[in-house]
Amino acid sequence: MQIYNTLTHKKEEFVPNTAGKVAMYTCGPTVYHYAHIGNLRSYIMEDVLEKYMRYDGLDVKRVMNITDVGHLTSDGDTGDDKMLKGAKREHKTVMEIADFYTKAFFDDCAKLNIKTPDVVQPATGMIDEFIRVIGVLIDKGYAYEAGGNIYFDTSKLKQYYVFGDVSEEDLEIGVREGVEEDGNKRNKADFVLWFTKSKFDDQELKWDSPWGVGYPGWHIECSCISMKNLGEYLDIHCGGIDNAFPHHTNEIAQSESYLGHKWCNYWFHVHHLNTAGGKMSKSKGEFLTVSGLESKGYDPIVYRFFCLQSHYRKSLVFSYENLDNAKTAYDKLVARIAQLTAENDTAPVDKAKFDELKKAFTDALDNDINTALGITALYDVLKADTNASTKLALANDFDRVLSLGLAEHAQKLAQSDSQEDIPAEILELAEQRTAARKAKDFAKADALRDEIASKGFIIEETRQGTKIRRK
Ligand code: AMP
Ligand code: ZN
C-alpha cells in the first residue's frame, strides 16, 4: 500500500517497523468546544486509513490524546489556554468543560461510524511523564529556562523544519493574534515545554514541577503520549495539515532529541474542509457541528459519504448544495442495496467475480487511500454482471473500510417502505411480539401473531427483519 508521506513529499510503500504490526498516533481534539465538521473530516479520513490497514491484515494499535490543557489560542506559545477560554465562556471548571466536550466528541464520532482508538489519553492524566521527559531534554542540553518558563532550543538541531521550507507567514503563527512576541526565547522558533511563570494568573490547572508550579505546552503532550504507549519507533502519525507546523515539527524535535534517533516514519496529513469564507475553525466562533447537520435533517453518515467522495489530500469545500448532492447519491446507493437484498438471492457468491471486483477497490485504497475511486469501485459492483449475492457480499466487504452503514440503512429503508400503510395498532402489536420473541416467551409471541392475523395482517421474518403485510 502506498501512502503520501509529508516528510518526504512523495507517495511511498508503507512498510511498518515490525512486519504485520502498525503503531499509529493521532492528534486528538482540544476539548474546549464541539468538534466542527472540519475537524471531523480529519478523523473520518484517518478512520478509513486505520480500517483499511486492518482490512489489509495489519495489526494496528492506534493511540489518541485528548488535549485538555496547554493548547493556546495561537498554535504557538501566545494567547490564552483554549480550555480556560471554554470554561470562562460557559462559567464552568476546566475539567467540567473537558469531560463534556470529550463525551460530545465521541458521540459525534459514533454517529459518523468513526472507531474509537485503542488508547485515548487525556493530557492531564500524564503530567508526571511530561515533567520527566522535559527533565531529560534539559539534561541533554536541548532545553533551557528563561523568564521562568522552559523552552526547547531549536538551534541545537541539525534540521528543525523537517517538513520543508516554512514561510515567514507560518513563522508568525506564534504572534498571529496580535499578542506580543516572547522575549525569553533565544531563537524565534523556540517553543515552550513547560509554562512556569505563567502569563495567565487565572490558569486553573497547575502542577508542581522541578521548575515551579505550572503546566505543560501542547506539543510535549503528543510526543510523550505517543512514546509512552507506542514505544520509541512510531510507524505513522496523523493529523490535519495545519498541525504539520508548528505542532508536528515540534513533536519531532522533542521526540528525536529525547530518543537520540529517528522517531516516526510516515506523516499522514488531511487537508482542510473550507467554507466559502475560508478554513473552518473553532476560533472563528461560527462553525458547523454534527448536531447542527442533524437539526437540518441530515443523517450524519451523509457527511461521511460526502468526505469519502474526495481525496484526503485535497481541500474540500463545504456547501449545503454539495451535501445535498451527496445525500441524493447516498440514498440511491442505499436503495439499490435494499433492492438487491429484497431479491433474497440464494445463489452462492461467485468467487472469481468477487476477487476481480474487489481488486478495483483495493487498488484504489492502496493508492494513497483514494476513497473517491473506492466508491467508484462500489458503483461498479452494483452495475456488474453478476448475481445479487456476490454484489451484496462485495458491498459489505468494502463497507468494513468505508463504514457507510449500507446494510443497516438498507434494512431500515426496507422496513419503512413496507410499513407505510400498516395501522399504528398493528405496528404496536408487532413490536410487542418482537419483544416477546426476544424474551423467549414464544407462547405470548404466537398469541400476538394470531391476534394480528385476526385483524387481517400477516407477520413474516425475512432477511431484512420482521415484515408485516395485509392478508
Ligand atoms: P483541534 O481540536 O483544534 O486540536 O483539532 C483537531 C484536528 O482537526 C486536528 O488534527 C486539526 O489539524 C484538524 N482540523 C482543524 N481544522 C480543520 C479543518 N478545517 N479541516 C480539517 N481538519 C481540521
Ligand atoms: Zn498532537
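Residues numbered from 1 in each chain as written. Chains lettered and ligands numbered in written order. Predicted model: local features only at pLDDT ≥ 70, side-chain atom pairs only at ≥ 80, totals over all residues. Heavy atoms only, no water.

What follows concerns the overall build of the protein chain. From N to C terminus, the protein chain includes 16 helices and 16 strands. Seen through its C-alpha atoms, the protein chain measures out along the principal axes to roughly 85 × 50 × 45 Å. Pairs at least 24 residues apart make up 77% of the contacts formed inside the protein chain by residues separated by at least 6 positions. Total accessible area on the protein chain is roughly 20,300 Å²; 50% of this is exposed by carbon and sulfur atoms. (Helix = DSSP H or I, 4+ residues; strand = E, 2+ residues; numbered from the N terminus. Contact = heavy atoms within 4.5 Å. Areas by Shrake-Rupley, 256 points an atom, 1.4 Å probe, with all protein chains shown as cover.)

Residues in close proximity to ligand 1 total 19 residues, the closest being Thr 30, Gly 38, Ser 42, Asp 242 and Lys 282. Contact between ligand 1 and Gly 240: an oxygen atom at 2.9 Å from a main-chain N or O atom of the residue. For ligand 1, an oxygen atom lies 3.3 Å from a polar atom in the side chain of Asn 243. With the chains in place, 95% of the 500 Å² that ligand 1 exposes on its own is no longer accessible. Elements supplying a minimum of two residues to the shell around ligand 1: helix 1 (37-55) and strand 10 (234-240). Per element, the largest residue contribution to the shell around ligand 1 is four residues, and it comes from helix 1. Class assignment of the residues belonging to the shell around ligand 1 gives a composition of four nonpolar, 12 polar and three charged. (Near = heavy atom within 4 Å. Polar contact = N/O pair within 3.5 Å; in protein donor to acceptor, adjacent residues only side chain to side chain. Nonpolar A, V, L, I, M, F, W, Y, C, P; charged D, E, K, R; others polar.)

Here the focus is helix 13 (residues 388-402). One full turn of an α-helix is made of 3.6 residues, so residues set three or four places apart face in the same direction. For helix 13, with 15 residues, the first-to-last C-alpha span of 20 Å sits near the 21 Å given by 1.5 Å per residue. Taken across its 15 residues, helix 13 has 12 buried, putting it largely inside the fold. Burial in helix 13 covers these residues: Ala 388, Ser 389, Thr 390, Lys 391, Leu 392, Leu 394, Ala 395, Asp 397, Phe 398, Asp 399, Val 401 and Leu 402. Ser 403 lies just past helix 13 and shows a positive phi near 50°. (Expected span 1.5 Å × (residues − 1). Buried < 20%, exposed > 50% of the residue type's maximum accessible area, 1.4 Å probe, protein only.)

This paragraph deals with the side chain of Ser 209. Following the sequence through the fold, Ser 209 ends up in the loop between strand 8 (191-195) and strand 9 (215-216). Classification of Ser 209 by relative accessible area gives buried; the value is 10%. At a separation of 2.7 Å, a polar atom in the side chain of Ser 209 contacts the main-chain carbonyl oxygen of Gly 212. Aside from chain neighbours lying at most four places away, what touches Ser 209 is Ile 131 and Trp 194.

Parsing the protein chain into structural domains produces domain 1 (2-270), domain 2 (299-415) and domain 3 (421-470). The straight-line distance from the C-alpha centre of domain 1 to that of domain 3 is 54 Å. (Domains from an automatic or database assignment.)

So, about the coordination of the zinc ion (ligand 2). Surrounding the zinc ion (ligand 2) are the protein donor atoms Cys 27 (SG), Cys 222 (SG) and His 247 (NE2), at 2.0 to 2.1 Å. All donors to the zinc ion (ligand 2) come from one chain, and their sequence spacing reads C-x194-C-x24-H. Of this pair, Cys 27 sits in the loop between strand 3 (21-26) and helix 1 while His 247 sits in helix 7 (residues 244-259); the two residues are 220 residues apart in sequence, bridging distant segments of the chain. In terms of burial, Cys 27 and His 247 fall into one category: buried. (Donors = N, O, S within 2.8 Å, 3.2 Å for Na, K, Ca; no water.)

With that settled, the discussion passes to the pairing of strand 7 (residues 149-152). Across the two faces of strand 7 the burial is the same, with Asn 149 and Tyr 151 and Ile 150 and Phe 152 all buried. As judged from the four bridges shared by strand 6 (residues 143-146) and strand 7, these two strands associate in the antiparallel manner. Considered in strand 7, the bridge of Ala 143 is made with Phe 152. Between the antiparallel neighbours strand 6 and strand 7 lie two residues, among them Gly 147 with a positive phi of about 60°. Bridge count between strand 7 and strand 8: three bridges; the pairing is antiparallel. Paired with Tyr 151 across the strands is Val 192, a residue of strand 8. (Pairing = 2+ DSSP bridges.)

Mapped onto the elements of the fold, Leu 373 is located in helix 12 (residues 371-383). A relative accessible area of 44% means that Leu 373 is categorised as partly exposed. The spatial distance from the C-alpha of Leu 373 to the C-alpha of Asp 190 is 42 Å, given a sequence separation of 183 residues.

Below, the discussion takes up the nonpolar core. In this structure, Leu 49, Met 53, Ile 236 and Tyr 303 are the most contacted members of the largest nonpolar core, which totals 139 residues. It is helix 1 that provides the largest number of residues to this core, a total of 10 residues. Viewed by domain, this core spans two of them, domain 1 (2-270) and domain 2 (299-415), each represented by three or more residues. In this structure Tyr 303 touches Ile 37, Gly 38, Arg 41, Ile 44, Leu 112, Leu 273, Leu 293, Phe 318 and Leu 323, once residues within four positions along its chain are discounted. (Core = buried A, V, L, I, M, F, W, Y, C linked by side-chain atoms within 4.5 Å.)

Attention shifts here to unusual backbone geometry. Cis geometry is found at the peptide bond from Phe 245 to Pro 246, where omega equals 0°. Relative to the helices and strands, Pro 246 resides in helix 7. Even without glycine at this site, Asp 368 takes up a positive phi of about 55°. Secondary-structure assignment places Asp 368 in the loop between helix 11 (351-366) and helix 12. For Asp 368, a relative accessible area of 0% gives the class buried. Here the phi dihedral of Ser 403 falls at roughly 50°; this positive angle occurs in a residue that is not glycine.

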